[in-house]
Every structure is written in structure tokens, then in C-alpha cells.
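The lines below spell out each chain.
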Amino acid sequence: MDTVVDKGASSAVLRALRSVPVITWGLILLIIALGIVSPNSVKPVHLLDFLRQASPLIIVGIGQTLVLLIGGLDLSVGAVMTLSCVMATQLMMNDPSRAWWAAIVCLIMGAAVGLVNGFLSARLRMPAFVVTLGMSILLLGVTLIYSGGSPKGSVPANFRFWGSGFIAGIPASAFVWGAVALIVYLAIRFTPIGRKLYATGSNARSVRLAGINDVSVKMMSYTACGTLAALSGLVMAAYIGTGSLTVGDDYQLRSIAAAILGGASFNGGKGSVQGTVIASLFLMVMFSLIAALNMDVGDQSIIQGLIILLGLMLNNLGSIKAWLKGRKA
Amino acid sequence: MNEKIIIPYVVLIVVLVAGALMNPLLLKGTNIGNLFEQVTAVGIASIGQMLVMLLGGIDLSIGSVISLTVSLLSVLMDSVGIAGSLVIVIAVGALIGFLNGIGTAKFKIPPFVMTLGMMSIAAGAALKVRPIPGGSIDYRLSDFLNDRIGVFPVAFLFLIVLFVFFYILLKRTRFGRNIYAVGGNEQSAALSGIRVDRVKIAVYTLTGILGALAGIYLAARMGTGDPNVGKYYTMDSITIAVLGGIHLLGGRGSIVGIFASMFVLITLNNVLNLVGVSSFYQYVMKGAILLLVVALYALRGRKNVQEED
């Protein structure tokens, strides 16, 4: 039915509306719902705080989207985040002069993990979910050994700013994810990288025939994902101020939920930066709503799982229709 | 017998010999009994993981099913009694597996995402019924399952029975052959008249039940409830299945290999404990084993066509 093309101004509006990620309407509805349940939470200052809360999720979600685009999956992002957060505090030890090189070391660690994930899954053609699952348990061990089971140190004030400071009334961490989103969006939109990513995810074989090295495209997107996961861990460290062994735990699933709700699919070739950004905000508002309704982490986990499955089913309506038809026949 | 079955046994012997040289306590009677206890829950879960992997699927929710089972038992046992609560948790496990099967077979959701979503749901449910560790498991259940016949815990004998049952199911029944056929090539299985969807749903349901059985034993062994207890069983069961020669793309592998590979993983853990290595290294070891074994298969799979046993 979407193929019907009307003429005139109304169709231009419709087209513009259609180009907005579907989840945007969900976000608006959720904010209204939150306003009804807890009017205080929708004051501008609290809405701005969502931009901060969503920061780690948006950054790692964009990484996950890049991997889903090429038909992959990264279950190790949470473990990378945790290691990055712990490394940041232990390397900085509250010394402002160390902040930047420590941050760079963390990003290099993330890139290296991503590169290995990419090599194993794209070059050796090992299933992505096993590779990244194995990697995540391995990194958990590395994090525990490195921190001795209890992370030490803290981050200096100049670094903390990027987690909890404000620039012109807007949370500084919003500028971090804003920059990431903008760079990735522009790279996808205006450079050949974008075309290669979408093409590789849609049909790796024809891409190969067209002379694009799909293996290197895939390795590149895993590397980008690992780097962004490490950056996300840094933002976490900058916000909490100390190391924690559990910061990344929720983000393995959440990053996937954000990407899927933003329109990504497990078959590759679908998904967008703007979709993931809005879906991340959607998830954070939803968790606030859950909290406002006095529900607990158990509910949060259940709803998160349901959202992933519902999102997938909606992305995959055709097979559901076929099934229902088959039932009647 | 093919090499994929022999390799896990060779590895097991190497691990046992090397471990015994590092610490002779490894092969002492009491420690052997411990090994049998430690292997039981993860062994049951691994049979379930193997079944879905033979289909070319995966079950990332099995750890959460174990957590949910343990949590439910610790809450229900006082009011519903042993038999009633066991029936309930097995039904819950079956339901979760059934839904995994419907999602993958009917809605065509890739198994790793379907079960990942289910992992989150079941883990959340476990936290709902038992937010913090506590409660108690009827001591009669614990005493019965932990009782020893010689060096064998009763529960371990159940595990043997399960192995024999599923060996026969896989090798001697039409259903078993259908599992291999669907895992080997879904299209041709469908063309030869196998109801592919039904096989899938049945297998995922069985895996859910096996998850519940693993949880029942774990609850009895711990004597108390804990909503996070199953966390690492998903990973361990996948590692064991892969190490036991079950092919990740389905259709190939034997339960005989699993019997050895579950002891390999548990013995390695045990050896690391006995020689006093921090448990932190176990995570690195498990991750490395999984990546290494899958990488080896991936490299070999490139050059040779696989044999059937």
C-alpha cells in the first residue's frame, strides 16, 4: 500500500513524515505518557537530562548499528564498555595530565577488540554471535584480572566534565554523542563508505563481484563498533567518576534493542544513525517511565526483551502474515 | 567413530593426566565425586544446547531459564510442595522453549536474537520472583539428588540416563534423524516431507525442559534461590557443545562427544582451583577455548567436506 504515489503538496508532507524514523512517534507518545504519570519528569531540565542519560547508549548503539548494517552482531560491546571504564579510572588515577592519553589508550583497546572480532567473523567466517560472546567472557576475565576484582582510581575533574558538565545549559556528554552521530551520519551519507556498508549488508556476493572488498568493509565496521563501545565506557567513567565492573552489563542487549527499534535488521542492509539515536532516547524515556510507575529491574528486563522481539516481528511482518494465512487455510 | 568424537576424549585424558601431575588431589575419590557434582547441571544444559545446535540454532536463554527455575523453586516449594513445584518449573521451561521455537520457526526470527530477547525476559522474571538470593529448597529433594551411590551422586546417574535417552533418540528414532536432516539442509528436509517447523518447535521445547532440569538440580545442590545463578551456563553450554564437536551450522556432531567435553571444561576449572589460580582466569580460559575451537573448525571447514559418523 505504501507504493501508491499521490501527487501534490500533501504527498510531499507525507513523504517528509515517512522519512522520519517510525520510532519518533513512539518517543513522542512516551514523553506524553511520562508527562501524565509524572508531570515533574517532563520539565525542560529533566528532558535535557535524558540527553545525558542516553549518551552511552546512543554511542554504543551507533556502533551496534554499523555492525548490524553489514549483517553482523556484536555481543561484546558491554564487556568492552566495562573494560574501558575500568581502564580509564585506573590509568588516570585522578591525574588531569593523564586524562587524554588514558582515553586514547582505551579507544585503541576498543578498536583492537573490534578488529579481532571482525577478523574472526569476516575473515575466518566464524558466526558473529559466538565470536563476540566468547570475546565478551574473555574480556570479563581480563577486566577482573586487571582490576584485581575491585577497580581502583578515579577520573580527574577535567575528564569528569564530559560526563557530568554542561555547555550553555546542555549536558556536555550530549555534545559527545552529537559529534559521533554527526560524523557517522556524514560518513554514511556523503562518502563511499556508506554505500559500501549498506551494499555489503544487503548482498555480500554481488558486492564482491562489483569489486568491493566486503571482508575489509566488515572488519572496518567491527573496529568502529569496538571503538565506539570503548568511547561509551569512557563517557560512563566520566559520569560515575570511578571504575565499575558492571557498567556495561545492560548494554549488550540495550544496544541491540536501540538499533532494532531504530530500523536495523539482522539480515543487514537496514538501519540508520538517526533511527538509533531516537530509539536510544525512546528506551531511556521508557526506563524512566518504568521507574515512575514503581516497577523494578525485573520489569525493565522483561520489557526490554519484549521490545526486542516485538521490534523484530514488526520488522518482519511478512512472515507473520504468511503464518496467519497458513493457519486459516 | 570419527575424529570429532575421539578428539574430546583425547583432550579429556590429556587434561586429567596433566591435572593429576600438577595436583594429585584431582583424582582422589572425594574430588572425583565433586567433579561429578559440578558436571551435572552444566551437562544437562549442554544436552539442550546440543539439540538446538544440531538444528543450526542456538539457545542464549538457557542460562536465564536455569535462573528462573531456581528462583521459582525457592519461592514455590514451601507452599506447593516438591512435586507441584517441579511440575510448574518444568512447564515454565517447556513454555519458554516452545515460544523460542515458535519465534524461530514461524516468525523466522534468527535464533540468537529470539533467544536473546527471551534471555532478557526470563532473567527479568527470575528477578521478579526472587529479587535477592534467599528462600530454601526442601531438604528431601536436596538429600535425594545429592545422595551418593558409591562415588556417584544420584543426580549424576540421572545425567547418565539422560545421555542414554538422547543418544537413542538421536540415533535410533525418526525424530532424531529429522533433527539432523533439518540441521543439515532445511530445504531438502522440507522437500523430503519432514515438518520442519514442528521439529524445530519440539527441539526448542525439549531444550527449555532440559534447562529447567538443570535448574532443579542446581537448586537442590545449593539449597537456596538466586536470580543470577544461571548467568554463565549459556556460555558454558555453548563452549561444551562446540568442544564436543557439534557444528555451529547444524546437522553434524554427536552426543558422545559432549559427554567428554563437559568433563574437559569442569576438570579444567577444577585444576585451576586446585593449583590456586584465581577464578578470574577461568573466564579468560573459557572465552579463549571457545574462540580457539570455533576458529579451528572454521579453518578446517574451508578445505574438507564433513564426514558423518
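Residues numbered from 1 in each chain as written. Chains lettered and ligands numbered in written order. Predicted model: local features only at pLDDT ≥ 70, side-chain atom pairs only at ≥ 80, totals over all residues. Heavy atoms only, no water.

**Observations regarding the overall build of chain A**
And then number 1: Within chain A, the regular secondary structure consists of 16 helices and two strands.
And then number 2: Relative to a compact globule of 329 residues, whose C-alpha radius of gyration would be 20 Å, chain A shows 20 Å and is just as compact.
And then number 3: C-alpha atoms of chain A, sized along the principal axes, occupy 65 × 55 × 40 Å.
And then number 4: Within chain A, the fraction of its 329 residues that count as buried is 54%.
And then number 5: The average position of the 22 basic charges and that of the 10 acidic charges among the side chains of chain A differ by 12 Å. (Helix = DSSP H or I, 4+ residues; strand = E, 2+ residues; numbered from the N terminus. Rg over C-alpha atoms; globule rule 2.2 N^0.38 Å. Buried < 20%, exposed > 50% of the residue type's maximum accessible area, 1.4 Å probe, protein only. Lys, Arg positive; Asp, Glu negative; His and termini not counted. Charge placed at Lys NZ, Arg CZ, Asp CG, Glu CD.)

**Some details on the overall build of chain B**
And then number 1: A tally of regular secondary structure across chain B gives 12 helices and two strands.
And then number 2: Ordered by position from N to C terminus, the α and β elements of chain B give α-α-α-α-α-β-β-α-α-α-α-α-α-α.
And then number 3: A compact globule built from 309 residues should have a C-alpha radius of gyration of about 19 Å, and chain B, at 19 Å, falls within 12% of that.
And then number 4: Each principal axis of the C-alpha atoms in chain B carries an extent, and together these give about 50 × 50 × 35 Å.

**Notes on the packing of helix 5 (residues 77–92) of chain A against helix 13 (residues 251–261) of chain A**
Residues and elements named next belong to chain A.
And then number 1: As a packed pair, helix 5 and helix 13 sit with axes 7 Å apart at the nearest point and diverge in direction by 125°. Our classification of the angle between helix 5 and helix 13 gives oblique. Residues Val 77, Gly 78 and Met 81 of helix 5 form the contact with helix 13, whose participating residues are Tyr 251, Gln 252 and Ser 255. (Axes fitted to C-alpha atoms, helices over the stretch in contact; angles between N-to-C directions. Parallel < 35°, antiparallel > 145°, perpendicular 65-115°, else oblique. Contact = heavy atoms within 4.5 Å.)

**So, the environment of Ile 32 of chain B**
Residues and elements named next belong to chain B.
And then number 1: Mapped onto the fold, Ile 32 is located in helix 2 (residues 29–54).
And then number 2: A C-alpha to C-alpha distance of 11 Å links Ile 32 and Leu 16, two positions 16 residues apart in sequence.
And then number 3: When near neighbours in sequence (up to four residues on either side) are disregarded, Ile 32 contacts Leu 26, Leu 27 and Val 151.

**Considerations on the interface of chain A and chain B**
Many descriptions give the size of an interface as the accessible area lost when the pieces come together.
And then number 1: On the side of chain B, 40 residues touch chain A, which itself brings 44 residues to the contact.
And then number 2: Approximately 3,700 Å² of surface area, both sides summed, lies buried where chain A meets chain B, with 83% of it carried by carbon and sulfur atoms.
And then number 3: The salt bridge involving Lys 128 of chain B is made with Asp 299 of chain A; its shortest N-O contact spans 2.9 Å.
And then number 4: Counting the contacts that link chain A with chain B gives four residue pairs in polar contact (both at pLDDT 80 or more).
And then number 5: Elements that contribute at least two residues to the side of chain A that touches chain B include exactly helix 6 (99–123), helix 7 (128–147), helix 13, helix 15 (297–315) and helix 16 (317–328) of chain A.
And then number 6: For the side of chain A that touches chain B, the leading source of residues is helix 7 of chain A, giving 13 residues.
And then number 7: Partitioned by chemical class, the residues of the side of chain A that touches chain B number 29 nonpolar, 11 polar and four charged. (Buried area = accessible area lost by both parts, 1.4 Å probe. Salt bridge = Lys/Arg side-chain N within 4 Å of Asp/Glu carboxyl O. Polar contact = N/O pair within 3.5 Å; in protein donor to acceptor, adjacent residues only side chain to side chain. Nonpolar A, V, L, I, M, F, W, Y, C, P; charged D, E, K, R; others polar.)

**Looking at the packing of aromatic side chains**
And then number 1: Going through the model one piece at a time under the given rule, you end up with 14 aromatic pairs over all chains.
And then number 2: Aromatic pair Phe 161 of chain A and Trp 162 of chain A: ring centres 5.3 Å apart, planes at 85°, arrangement edge-to-face.
And then number 3: Here Phe 161 of chain A falls in the partly exposed class, since its relative accessible area comes to 30%.
And then number 4: Considering the side-chain rings of Tyr 232 of chain B and Tyr 283 of chain B, the 5.3 Å spacing of their centres and the 55° angle between planes classify their relative orientation as tilted. One end of the pair, Tyr 232 of chain B, is in the loop between helix 9 (196–222) and helix 10 (233–243); the other, Tyr 283 of chain B, is in helix 12 (residues 280–303), with 51 residues separating them in the sequence.
And then number 5: Under the relative-accessibility criterion, Tyr 232 of chain B is labelled partly exposed at 28%.
And then number 6: An aromatic cluster of three or more residues is present, and its members are Phe 36, Phe 152, Phe 156, Phe 163, Phe 259 and Phe 263 of chain B.
And then number 7: Just above the ring of Tyr 251 of chain A sits the side chain of Arg 254 of chain A; from NZ or CZ to the centre is 5.6 Å. (Phe/Tyr/Trp six-rings, centres within 6.5 Å; stacked < 30°, edge-to-face > 60°. Lys NZ or Arg CZ within 6 Å of the ring centre and 35° of its normal.)

**Focus on the state of the cysteines**
Think of a disulfide as a covalent bridge from one cysteine sulfur atom to another cysteine sulfur atom.
And then number 1: If you walk through the whole model with that rule in mind, you get zero disulfides over all chains.
And then number 2: The thiol of Cys 85 of chain A is unpaired, and the distance to the nearest cysteine sulfur, on Cys 106 of chain A, comes to 8.8 Å. (Disulfide = S-S within 2.5 Å.)

**Thoughts on the environment of Thr 227 of chain A**
All names here are of chain A.
And then number 1: Residue position: Thr 227 is located in helix 12 (residues 214–240).
And then number 2: Sequence separation between Thr 227 and Gly 110 is 117 residues, and the spatial gap between their C-alpha atoms is 4.4 Å.
And then number 3: Residues contacting Thr 227, with those up to four places away along its chain left out, are Leu 107, Gly 110 and Ala 111.

**A short note on the packing of helix 5 of chain A against helix 6 of chain A**
Residue and element names in this part refer to chain A.
And then number 1: Contact pair helix 5 / helix 6: the axes reach a minimum separation of 9 Å and the direction vectors enclose 155°. What the angle tells us is that helix 5 and helix 6 run roughly antiparallel. Taken as a pair, helix 5 and helix 6 cross one another with a handedness that is right-handed. For the pair helix 5 and helix 6, contact is made by Val 80, Leu 83, Ser 84, Met 87, Ala 88, Leu 91 and Met 92 and by Ala 99, Trp 101, Ala 102, Ala 103, Val 105, Cys 106, Met 109, Gly 110 and Val 113, respectively. (Left-handed = near helix turned anticlockwise from the far one by under 90°.)

**Brief notes about the pattern of salt bridges**
And then number 1: According to the stated counting rule, one finds 11 salt bridges over all chains in the structure shown.
And then number 2: With a closest N to O distance of 3.7 Å, Arg 254 of chain A and Asp 250 of chain A form a salt bridge.
And then number 3: For Arg 254 of chain A, a relative accessible area of 6% corresponds to the buried category.
And then number 4: Among the residues examined, Asp 250 of chain A registers a relative accessible area of 40% and is labelled partly exposed.
And then number 5: The shortest N-O distance in the salt bridge between Asp 197 of chain B and Lys 106 of chain B comes to 3.3 Å. Here Lys 106 of chain B lies in the loop between helix 3 (62–105) and helix 4 (111–129) and Asp 197 of chain B lies in helix 9, a separation of 91 residues in the sequence.

**As for unusual backbone geometry**
Residue and element names in this part refer to chain A.
And then number 1: Residues other than glycine seldom take positive phi values, yet Arg 125 does so here, at roughly 55°.
And then number 2: Relative to the helices and strands, Arg 125 is located in the loop between helix 6 and helix 7.
And then number 3: Positive phi is not limited to glycine here, since Asn 294 has a value of about 65°.
And then number 4: Along the chain, Asn 294 turns up in the loop between helix 14 (273–292) and helix 15.

**Side note on the confidence of the model for chain A**
And then number 1: Across chain A, the average pLDDT comes to 88, with 93% of residues at or above 70.
And then number 2: Considering only residues more than four positions removed or in separate chains, one finds that residues 1–5 of chain A, a stretch of pLDDT under 50, has one contact. (pLDDT = per-residue confidence, 0-100.)

**Quick notes on the confidence of the model for chain B**
Should the pLDDT be low somewhere, the predicted coordinates at that spot are not to be read in detail.
Residue and element names in this part refer to chain B.
And then number 1: When pLDDT is averaged across chain B, the result is 91; 97% of the residues are at 70 or more.
And then number 2: Considering only residues more than four positions removed or in separate chains, one finds that residues 304–309, a stretch of pLDDT under 50, has 10 contacts.
And then number 3: Here the predicted complex carries an ipTM of 0.84, next to a pTM of 0.88.

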